[in-house]
Amino acid sequence: MELFARSEKTRVVEEIGGVARLGELVRELGGRRVLLVTDPGIVAAGHVERGEAALRAAGLVVERFADVHENPTTADVARGLAVARDFGPDLLVGFGGGSPIDVAKGVNFRVSCGGEMSDYRGRATATASLLPLVAVPTTAGTGTEVQSFALIADAATHQKMACGDPSAAPKIALLDAELTLTLPPFVTACTGLDAIGHAVESAVTKPRTTVSAHYARAAFEVLAANFPRVVDVPTDLAARAGMLRGAALAGLAIEHSMLGAAHSLANPLTVRHALPHGQAVGTMLPYVVRFNATLEPATRQTYAALARSGGFADAHAPDEQATEALATVLIRFLRLAGLPVDLKPLGLDERALRALAGEAAEQWTAQFNPTPVDPSAFERLLNSAS
Ligand SMILES: [Fe+2]
């Protein structure tokens, strides 16, 4: 199987300095009036100007919507929609981390199909044809640049909604590692740990397939090889390119097989205790690996295969040993990034742990974990990390 299969909905273009070709790629899709969705940080870094210059050099008319916030809500989408209605784009560019790309998807649903964001919860929800979307990620993390889903929170309840349709996936994902050079070390580490979490979790979920297994393993290999380097030498463009490639591969693995318990735990840890998503995933992942491996031989085999393919366990090492090597390397990644390896710094008491466990069990990712996880299982997991 090719690294990025041609049958995927998104064409992945990997090129250092490739943002200069953004106009040419948009023209190939037939775009003439482009709404670029981004956030103030990406504008301040100077990346948006480069992207817009490339679009204008190709003779395109460009409008900018830069008012996207982190963990975007229906309010971000509504503001973007107002700009889109005034401007009348025939193509959208989502330019930035996961948030601008997801808001671009959200705007696309509403401007193309009308209605409210909540109308598009679930899969295959588009009621009219969507505008083509080009994604230009500036972080190596979420993988939304190759996915048909947008995560948008309800502005009133802050509940995250997964809004999706196969046609909502970007037509092109332009991976230009130069755009990730300006990421602060902490963001580089958190987004990298998130991507590693995507690879490891999607490898073992209940709905896993041979296709998702291909992407999860390829993602883990490239992410594990490049994470230590990108943390140590943030200016290393080859390592940055590796992380971008790995995040996109992991994004495709999720597209085919969803996520598991580490992501279920991460959401309440972020909401209740302000732990950044990637840090929360990275902290809980080794505990989830050990938990799942104890209960499920098939899962243990998959973890062991990941450890072997990443070069962290001998080809003949027993599955138990190779699985422990995987957990150990995941902990080493946290240490390399200077992050805590457990939840102790949060000082959680029994009541806080129980509340987290209850909320983790309600997350939609919990159902895909290879072993059943109910509130008491999540409480055991949280206790082991506290
Ligand atoms: Fe994630």
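Criteria and cut-off values
Residues numbered from 1 in each chain as written. Predicted model: local features only at pLDDT ≥ 70, side-chain atom pairs only at ≥ 80, totals over all residues. Heavy atoms only, no water. Helix = DSSP H or I, 4+ residues; strand = E, 2+ residues; numbered from the N terminus. Rg over C-alpha atoms; globule rule 2.2 N^0.38 Å. Buried < 20%, exposed > 50% of the residue type's maximum accessible area, 1.4 Å probe, protein only. Areas by Shrake-Rupley, 256 points an atom, 1.4 Å probe, with all protein chains shown as cover. 1 Å grid on protein atoms, 1.4 Å probe; cavity = no way out; pocket = protein on both sides within 12 Å on 5 of 7 lines; lining within 4 Å. Points joined across faces, edges and corners; volume = space filled by probe spheres on them. Nonpolar A, V, L, I, M, F, W, Y, C, P; charged D, E, K, R; others polar. Contact = heavy atoms within 4.5 Å. Polar contact = N/O pair within 3.5 Å; in protein donor to acceptor, adjacent residues only side chain to side chain. Domains from an automatic or database assignment. Buried area = accessible area lost by both parts, 1.4 Å probe. Pairing = 2+ DSSP bridges. Expected span 1.5 Å × (residues − 1). Donors = N, O, S within 2.8 Å, 3.2 Å for Na, K, Ca; no water. Tetrahedral: all angles 85-135°; square planar, octahedral: opposite > 155°, others 65-115°. Axes fitted to C-alpha atoms, helices over the stretch in contact; angles between N-to-C directions.

1. Comments concerning the overall build of the chain
Check the secondary structure of the chain and you find 14 helices and eight strands. For 386 residues, the compact-globule estimate of 2.2 N^0.38 gives 21 Å, and the chain sits close to it at 20 Å. If you line up the chain on its principal axes, its C-alpha atoms span 60 × 40 × 35 Å. For the chain, the residues scored as buried account for 57% of the 386 residues in total. In the form shown here, the chain has an accessible surface area of approximately 14,800 Å², with 52% of it arising from carbon and sulfur atoms.

2. Topic: empty space enclosed by the protein
Under the counting rule described, the total for this entry stands at two cavities of 30 Å³ or more. Approximately 60 Å³ is the volume found for the largest cavity. A140, T180, L183, T188, T191, G192, V230, R240 and M243 are the residues that line the largest cavity. Elements supplying a minimum of two residues to the lining of the largest cavity: α6 (185–204) and α8 (237–257). Broken down by element, the residue count for the lining of the largest cavity peaks at three residues, all from α6. Looking at the lining of the largest cavity, its residues break down into four nonpolar, four polar and one charged. Roughly 30 Å³ of volume is contained in the second largest cavity. Around the second largest cavity sit F4, A5, E8, T10, V12, V146 and L252, which together line it. Looking at side-chain class alone, the lining of the second largest cavity contains five nonpolar, one polar and one charged residues.

3. A short note on the environment of K206
By secondary structure assignment, the location of K206 is in the loop between α6 and α7 (210–232). Separated by 133 residues in sequence, K206 and L339 have C-alpha atoms that sit 30 Å apart. Beyond its immediate stretch of four places on either side in the chain, K206 contacts Q367, F368, N369 and P370. A polar contact of 3.4 Å, which involves the side chain of K206, links it to the backbone oxygen of Q367.

4. Regarding the domain arrangement of the chain
By a widely used convention, the size of an interface equals the accessible area lost when the partners come together. Segmentation of the chain into domains returns domain 1 (11–180) and domain 2 (185–384). The straight-line distance from the C-alpha centre of domain 1 to that of domain 2 is 27 Å. Facing the 20 residues of domain 1 at the interface are 19 residues of domain 2. When the area that domain 1 buries against domain 2 is broken down by residue, the three leading residues are A140, V146 and T180, summing to 27%.

5. Focus: the pairing of strand β6 (residues 149–153)
In terms of residue burial, β6 counts as a mostly covered element, since four of its five residues are buried. Strand direction decides the pairing type here: β6 and strand β7 (residues 160–164), joined by five bridges, are antiparallel. Bridging from a neighbouring strand, I152 pairs with M161 of β7. Here β6 folds back onto β7, and the loop between the two strands holds six residues, one of which, H158, carries a positive phi near 65°.

6. Some remarks on helix α5 (residues 98–113)
If you check α5, its first and last C-alpha atoms are 22 Å apart, about what 16 residues at 1.5 Å a residue would give, namely 22 Å. With respect to burial, α5 is a largely interior element, 14 of its 16 residues being buried. In the segment just after α5, G114 is the residue with positive phi, at about 75°.

7. Some words on the coordination of the iron ion
The coordination sphere of the iron ion contains the protein donors D194 (OD), H198 (NE2), H263 (NE2) and H277 (NE2), at a distance range of 2.1 to 2.2 Å. Considering all four donor atoms around the iron ion, angles at the metal cover 84 to 169° and the coordination shape is irregular. Spacing between the donor residues of the iron ion along the chain follows D-x3-H-x64-H-x13-H. With H198 in helix α6 and H277 in helix α10 (residues 277–295), the pair connects residues that are 79 residues apart, well separated along the chain. Its relative accessible area of 4% is what places H198 among the buried residues.

8. Some points on the sheet that holds strand β8 (residues 172–175)
Taking strand neighbours across the sheet as the criterion, the six strands line up as β1-β8-β5-β4-β2-β3 in an open arrangement whose pairing is parallel. Among the strands making up the open sheet, the edge pair consists of β1 (11–14) and β3 (61–65). In this sheet, neighbouring strand axes are inclined to one another by 20° on average, regardless of whether the strands run parallel or antiparallel. Direction of pairing for strand β5 (residues 133–137) relative to β8: parallel, over a ladder of two bridges. Bridge assignment links A135 to a residue of β8, and that residue is A173. Contacts from helix α4 (residues 74–87) reach β2 (33–37) and β3 within the one sheet, and its direction differs from that of β3 by about 155°. In the packing of α5 onto the sheet, the strands contacted are β2, β3, β4 (91–96) and β5, and the crossing angle to β4 comes to about 160°.

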